[in-house]
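# Coordinates in review
In case you want the letters, here they are:
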Amino acid sequence: MANAADEDPKRSHAIAPAAAKPGLTGVGTALAPPIFAPLLSRLFNWSRSGIGPRLLVAVLLFSSAVTLMLTALQLYLDYDREVGLIETRLDEIGRSTTGSLGESLWNLDQNQLRLQLDGILRLPDIRAAEVREIADRPNPIRLAVGESSPRSVVTRDYPLTYSVQGTAREIGVLHVEATLTDVYQHLFNRALVILVSQAAKTFLVSLFIIYMFHLLVTRHLVTIAEFVSKYSLARPPPPLRLERRPPHHADELDKVVGAFNAMCANLERAYGELREANERLERDLTIRRRAEEDARASEQRFRDYAETASDWFWETGPDHRFTYISDRAGAFGMDSAALIGKRRTDAAFGRDAEPEKWRAHMATLDRHEPFRKFEYRGRDAAGRMHHFSVNGQPIFAADGRFMGYRGSATDLTAQHETEERLRQAQKMDAIGQLTGGVAHDFNNVLTVITGTIEIIQEGLADKPEFAAIAQLIDDAAARGAEITSQLLTFARRQPLEPREIDVNALVVETAKLLKPILGEHIEIETKLADDAWSAMADPSQLSSAIVNLAVNARDAMPGGGKLLLETANRELDDTSGDGEVVRGAFVMVAVSDTGHGIPADIRARVFEPFFTTKGVGRGTGLGLSMVYGFAKQTGGTVAIESEEGVGTVMRVFLPRSKGEAPARATPVQPLVRARGQETILVVEDDPLVQGYVIAQLGSLGYRTLVAGDGASALALVDQGAKFDLLFTDIIMPGGMNGRELADAVRLRRPGLRVLFTSGYTDNAIVHEGHLDPGVALLRKPYRKSELSEKIREVLAGKPPA
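Numbers given for residues are sequential positions, taken from 1 along each chain in its written order. Given that the model is predicted, a residue must reach a pLDDT of at least 70 before its local features are reported, and side-chain atom pairs must reach 80 or more before they are shown or counted; all residues, however, enter totals for whole chains, interfaces and linings. With hydrogens and water excluded, all non-hydrogen atoms of the structure serve as input to the side-chain values.

### What about the pattern of salt bridges?
- Every case where a carboxyl oxygen of Asp or Glu lies within 4 Å of a side-chain nitrogen of Lys or Arg is listed as a salt bridge. Tallied over the entire structure, the rule returns 24 salt bridges.
- Across the pair arginine 321 and aspartate 319 runs a salt bridge, and its minimum N-O distance is 3.6 Å.
- The exposure class of aspartate 319 is partly exposed, given its relative accessible area of 37%.
- Between glutamate 356 and arginine 359 there is a salt bridge; the shortest N-O distance is 2.2 Å. Linking glutamate 356 with arginine 359, this pair stays in helix α10 (residues 355-366), spanning three residues, or about one helical turn.
- Members of the salt-bridge network, linked through shared partners, are Asp78, Arg81, Glu82 and Arg190. Type-normalised accessible area, obtained with a 1.4 Å probe on protein chains alone, sets the label of each residue: buried when under 20%, exposed when over 50%, and partly exposed for intermediate values. The way it works is that DSSP assigns letters per residue, a run of H or I at least four long becomes a helix, a run of E at least two long becomes a strand, and they are numbered from the N terminus.

### Focus: the packing of helix α17 (residues 710-718) against helix α18 (residues 738-748)
- Two numbers describe how α17 lies on α18: the axes approach to 10 Å, and their chain directions differ by 10°. As far as their axial angle goes, α18 and α17 are roughly parallel. On the side of α17, the interface is formed by Gly710, Ala713, Leu714, Val717 and Asp718, while α18 contributes Leu741, Ala744, Val745 and Arg748. Lines are fitted to the C-alpha atoms to define the axes, a helix being fitted only along its stretch in contact, and any angle between axes, read from their N-to-C directions, falls within 0 to 180 degrees. Roughly parallel here means an angle under 35 degrees, roughly antiparallel means over 145, roughly perpendicular means 65 to 115, and every remaining angle is called oblique. In what follows, residue pairs with any heavy atoms lying within 4.5 Å of each other are defined as contacts.

### Describing the nonpolar core
- Leu563 and Leu565 are the most contacted members of the largest nonpolar core, which has 32 residues in total.
- With sequence-adjacent residues up to four places away left out, leucine 563 is seen in contact with Leu514, Leu518, Ile522, Glu523, Ile524, Glu525, Ala550, Ala553, Val591 and Ser592.
- As used in this record, nonpolar core signifies buried Ala, Val, Leu, Ile, Met, Phe, Trp, Tyr and Cys residues forming a set joined through side-chain atoms within 4.5 Å. In this structure, Leu75, Ile93, Leu143 and Ala178 belong to the second largest nonpolar core, which totals 28 residues.

### So, the sheet that holds strand β6 (residues 322-325)
- Pairing between strands is defined by DSSP: at least two bridges between the two strands are required. Within the open sheet, the five strands sit side by side as β6-β5-β9-β8-β7. Their pairing is antiparallel. The outermost strands of the open sheet, each flanked by one partner alone, are β6 and β7 (371-379). Along the sheet, successive strands turn relative to each other by an average axial angle of 30°, direction set aside.
- Here strand β5 (residues 312-316) pairs with strand β9 (residues 402-411) via five bridges, running antiparallel. In the strand pairing of β9, tryptophan 312 is matched with alanine 409.
- Of the strands in this sheet, β7 and β9 are in contact with α10, which crosses β7 at around 130°.

### Some words on the packing of aromatic side chains
- Stacked, tilted and edge-to-face are the three classes assigned to paired rings of Phe, Tyr and Trp, where Trp is represented by its six-membered ring and a pair needs centres within 6.5 Å; plane angles under 30 degrees give stacked, over 60 edge-to-face, the rest tilted. Enumeration over the complete set of coordinates arrives at 13 aromatic pairs.
- Aromatic rings pair up to connect Trp312, Phe332, Trp358, Phe374, Tyr376 and Phe388 into one cluster.
- Geometrically, a charge over a ring is one whose NZ (Lys) or CZ (Arg) sits within 6 Å of the ring centre while staying within 35 degrees of the ring normal. Seen from the ring of phenylalanine 374, lysine 357 lies directly overhead, with NZ or CZ sitting 5.5 Å from the centre.
- A cation over a ring is seen here: arginine 656 above tryptophan 533, with NZ or CZ 4.1 Å from the ring centre.

### Digging into helix α4 (residues 110-121)
- Take the residue count of a helix, subtract one, and multiply by 1.5 Å to get its expected span. Across its 12 residues, α4 extends 16 Å between first and last C-alpha, which sits within 8% of the 16 Å expected from 1.5 Å per residue.
- Considered for burial, the residues of α4 that qualify are Leu113, Gln116, Leu117 and Ile120. Along the axis of α4, the buried residues cluster in a sector spanning 100°; they form a single face. Exposed and oriented more than 90 degrees from the buried face of α4 are Asn111 and Leu115. Each C-beta atom gives one direction from the helix axis, and the arc is the one those directions make.

### Details of helix α14 (residues 539-555)
- Look at α14: 24 Å from first C-alpha to last across 17 residues, which is about the 24 Å you get at 1.5 Å a residue.
- Those residues of α14 that sit buried are Pro539, Gln541, Leu542, Ser543, Ala545, Ile546, Asn548, Leu549, Ala550 and Ala553.

Encoded structure:
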């Protein structure tokens, strides 16, 4: 911003003469004393003459101060907002026009430049725009439109570049000026309107306050003062009366008047009522004793309530039947009237399941002892289950007789539900860590099996009967790799490659694949939101999740049915089923079926790995757990809605992408076994995998150096070993993981190429489910072609896929 706060010199010049007004000089000085002095004196004396004028002055001063502060704050916010809009518009000009202006300037197309500058000038608040060419030649181009001014403007200069042979060159400057004149005029008009309206309102309200104060208070105070000053015991006047309409309820003035009249009446009756004094005194003492007893009983009752204060109160008689339950119990679904006359045991649920606890509680009641935090389950008026905690205090009469109990009750249902969600989340996390560890070791074994079977297949090419057996082993290894991938996805340890995707397009493509998978007896429908946002997710994982949900839906409809794929935009601000708080903008992908539904007693376990209701050999139980892990690792959640005999709806919520257009997937190129002659340092702690990698790299033409842990690898580096690539596992013993090893080696040899491999990445190179920028990873298990292609890719300096 340039000169945004400068004042207009013409405006300053026009206002300056008004500064002479405060000083009464010349004719003003001669007229001021005879005209204003008496008026000011009367106003000052009037303001000190009573409560009403002082109240009026205080209200005016306070209202004026508040009005000025609020007006200043509003003007500042309006100014900041207007200037922010102008700056945003200038930033948009810089982003959207510099490319085309640079191209026109490079082509020396002044007509096009002028058209573009005229387009910029037509934008709101833009005063002037200019393009200046930076060139070592006579008469460089300089085009300007609009009227430039050094006052009350915001200016921006944007460099104009043009790419020549892949190199960007700065060839000119775009200068844009935006005026703040309209902003200042708007602020001035708004301030004038606010001040005038607030001044009028303050003045009228103040007059109304002073009038009402006089009408309701001051005139009656004067009447009371005159009555008191003229009162005489020798000749008592009539009772005091105020000239006003009687209010519905006695107010402070009525109490004062009543007090004066009562005092006068007592004085007048004092001489004639001495004979009745003793009787009245005795009667008053009796009433006082009764009131004191009631007060003590009330005090004891509310002391008991205060000591056991909770959601609602209750009382029981000597037989432990409820005689009172406070109305607040209705807020928790309880029917107070229906509980009167019943015992606590009558309202409890599942009492037979905890007989010892109830026997101990009843023994406490029979001993007339206090109890605290006795918990039990019960149902409300609608039949919903609740968890209650009750406290009780025994009540005894003055002669020691047991009268019953008083106490309070607390509804712990929400707390129990929260604890249950927390236990479920902890269980799922523990299962995730276990499955992640198992997948790590299993992937090492699968890496050796997968690579070895390739070698065997090459050697058995002329023996079909053995080649078929080798193919079966290869298929089994691929199936094992798929299972470990699902385990890692559930454990949220699968490295994702998220990007902006068009969810509708992906659902449509996936639906085409489902028809042969689900069969002809399943009708597939789609209901896609026209305005569906782009989502930030791994498209292959999302497609697999939809297929898994569809396959589960198919199994729930053995006799056929309808499968509905649906998308929608959702704003969430709630707690998910596992207790995590989910807030923000999400794209929902829902898979609905018309199957038999999920029973309520197993609904909370459907995301556990290996849990399945299908028969033996009809699934691994990893489908839904993979969907769960994928959604959580992506930053979303999964929700289940199911009713037995009606069907199930599985909703996957994916975080909305912040971009505007989804990225397009590039076609996958077939892998080839690229060879090389470089030297590779292999760091692998598993002997089987280490031997396999060395053999495969040797068959591809590479020379290898080998280390079993990070310390051994660093020792080779410090000894001066020469190599072109560090190929290291991530999870290794010895206190140093692969990422730490790579960082240490790069400190010694900057720029060294590094390729990571692992069957379980943990948090070394993956954060929030995404690979760290610039990290190359080869996931276990891998084949020889994948190994060769990845090594050539890293050695060639290509960015990670």
